[in-house]
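Overview (structure and organization)
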Amino acid sequence: METQQQTWQNMNGKIFQHSITQLVEEAIIREQANGHRLKVCVGSDSHVYGEAINYATAVVFIREGKGAFTFIRKEREIQNISIKERMLNEVNKSVEIAYAICSILETYDVEMEVHADINTDPDFKSNVALKDAMGYILGMGYVFKAKPFAFASSNCADVMV
């Protein structure tokens with residue numbers, strides 16, 4: 001699966017040579033051994049630069065009451081697409097990763113949310129993709145969060161895109 005071959009890094013720029021599934025499993029084992037209760041949030045964001053779109057996908061580990069850490073994947077695509085298609089591309093990137101790691105999270109009893117960088121306010125352009133994104137994420141069986149509660153996409157991925 002292509003997802004397994006992607007390069008992942010932390011928020012400080014440290015590159016990891018392992019697949020996201022291996023990174024996730026190792027992190028869960030380490031954190032649970034240290035007594036931490038975890039939740040994972042997956043979200044993506046994008047920015048347009050001329051004809052290029054930079055995407056970032058974040059896998060955020062929340063340690064209940066003890067902070068968080070993140071794995072990030074960056075991608076760059078040359079495309080000219082609508083805002084709705086770009087928002088749905090972000091959601092698809094998040095769902096792709098959520099799907100890749102969901103069995104690991106189930107094995108270790110870790111909750112997951114999928115975050116969409118889509119505004120719930122109809123006055124914002126990204127709102128055109130809200131219903132489709134919500135239907136896709138919920139239809140896959142994941143917990144859905146949109147702005148202002150979608151910090152994995154609107155904060156963590158946004159900083160790295």
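First, a word on what this report is: a plain description of the structure on this page. (Residues numbered from 1 in each chain as written. Predicted model: local features only at pLDDT ≥ 70, side-chain atom pairs only at ≥ 80, totals over all residues. Heavy atoms only, no water.)

1. Quick notes on the side chain of S46
- Relative to the assigned elements, S46 resides in strand β3 (residues 38-49).
- Engagement of the side chain of S46 in a polar contact is seen with the side chain of E90, the distance being 2.5 Å.
- Non-local contacts of S46, meaning those with residues more than four positions away in its chain, are made with I53, N54, Y55, R86, E90 and V161. (Helix = DSSP H or I, 4+ residues; strand = E, 2+ residues; numbered from the N terminus. Polar contact = N/O pair within 3.5 Å; in protein donor to acceptor, adjacent residues only side chain to side chain. Contact = heavy atoms within 4.5 Å.)

2. Brief notes about unusual backbone geometry
- K147 connects to P148 through a cis peptide bond whose omega is 10°.
- Even without being glycine, D109 reaches a positive phi, approximately 55°.
- Among the structural elements, D109 can be located in the loop between α3 (83-107) and β6 (111-119).
- We classify D109 as exposed; its relative accessible area is 70%. (Buried < 20%, exposed > 50% of the residue type's maximum accessible area, 1.4 Å probe, protein only.)

3. Digging into the packing of helix α2 (residues 20-33) against α3
- Where α2 contacts α3, the two axes come as close as 10 Å, and the packing angle between them is 35°. Two packed elements cross with a definite hand, and for α2 against α3 that hand is right-handed. Where α2 approaches α3, its residues I20, T21, V24, E25 and I28 are matched on the opposing element by I97, A100, I101, I104 and L105.
- Per-class residue counts for the contact of α2 with α3 are 8 nonpolar, 1 polar and 1 charged. (Axes fitted to C-alpha atoms, helices over the stretch in contact; angles between N-to-C directions. Left-handed = near helix turned anticlockwise from the far one by under 90°. Nonpolar A, V, L, I, M, F, W, Y, C, P; charged D, E, K, R; others polar.)

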